[in-house]
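Remarks on the overall topology
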Amino acid sequence: VLRIERCGLAFEPGQYICLGRAGSLALREYTVYSSPEEDHLEALIKEIPSGLVSRALRRLSPGDPVELTGPFGRFRLVESDRAGTPLFVATGTGVSPFHCFVRSYPGLDYRLLHGVRCATELYERQVFDPGRTVACVSRDPGGDYPGRVTAYLGDHPVSPETACYLCGNSDMIYETMALLRAQGVPRDRIFAEIYF
Ligand SMILES: Cc1cc2nc3c(=O)[nH]c(=O)nc-3n(C[C@H](O)[C@H](O)[C@H](O)COP(=O)(O)OP(=O)(O)OC[C@H]3O[C@@H](n4cnc5c(N)ncnc54)[C@H](O)[C@@H]3O)c2cc1C
């Protein structure tokens, strides 16, 4: 988690900022992980070994300046869904907008499927209610379900009126979208944010 000064930046839960080292022209998108109620801004960033910006951010020292623009994006929790039971489906750091939603809307009756390869990637798992969350861990035994989120959804179909919010890599999003459509969820009840 990279924590930075907020400097008065207003944003809505689910939006992202563009971040990079100060003075660098290379910026990348990162969903805001913290809630708008908090004094600082946080982003949950996976270090990509060959990655230009994620590696540079990982090497920052406390007090180093960063370049920041934003907020951007329209991946928000629709107001009427805040009173319903939305389904959140994430892979890896795609859990970030859902972390922000859960911190921002106390009492939210959500369900979260979080797909990761290893249980060590279930960062800050305690923020999510264990009764509402299924950790789908595909490569080690540390989760609630031994497989991918798509396999879990195949085994546990959703009802067609469920509002579904997907965030993470494009393969998961396209596969999940096809599954949900086959289970009768209309296209306009599926919202997605693709990371890469
Ligand atoms: C709207 C939006 C929000 C995003 N929010 C987040 C976030 O909250 N946290 C976060 O960690 N990332 C997030 N990303 C991804 C992020 O913007 C960068 O793409 C990522 O950090 C890699 O940047 P880089 O400069 O280190 O790698 P680059 O030098 O740009 O790319 C190196 C290689 O890594 C691949 N790659 C990119 N992202 C990943 C990944 N997550 N896992 C595996 N391979 C990858 C690329 O396809 C490329 O082949 C978001 C992307 C978008 C579009």
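Conventions we followed
- Residues numbered from 1 in each chain as written.
- Predicted model: local features only at pLDDT ≥ 70, side-chain atom pairs only at ≥ 80, totals over all residues.
- Heavy atoms only, no water.
- Salt bridge = Lys/Arg side-chain N within 4 Å of Asp/Glu carboxyl O.
- Buried < 20%, exposed > 50% of the residue type's maximum accessible area, 1.4 Å probe, protein only.
- Pairing = 2+ DSSP bridges.
- Helix = DSSP H or I, 4+ residues; strand = E, 2+ residues; numbered from the N terminus.
- Axes fitted to C-alpha atoms, helices over the stretch in contact; angles between N-to-C directions.

1. Notes on the pattern of salt bridges
Summed over all chains, the structure comprises 11 salt bridges. Among the salt bridges present, the one from Asp-129 reaches Arg-132, with a minimum N-O distance of 3.2 Å. Note on Arg-132: relative accessible area 23%, which makes it partly exposed. When salt bridges with common partners are traced through the structure, they connect Asp-109, Arg-111, Asp-129 and Arg-132 into a single cluster.

2. Some points on the sheet that holds strand 3 (residues 28-31)
In space, the 3 strands of this open sheet follow the order 3-2-5, with antiparallel pairing throughout. Where the open sheet ends on each side, the last strands, each with one partner, are strand 3 and strand 5 (66-72). Across the sheet, the axes of successive neighbouring strands diverge by a mean angle of 30°, strand direction being ignored. Of the strand pairs in this sheet, strand 2 (residues 16-21) and strand 3 are connected by 4 bridges, and their pairing is antiparallel. Bridge pairing links Cys-18 to Glu-29 in strand 3.

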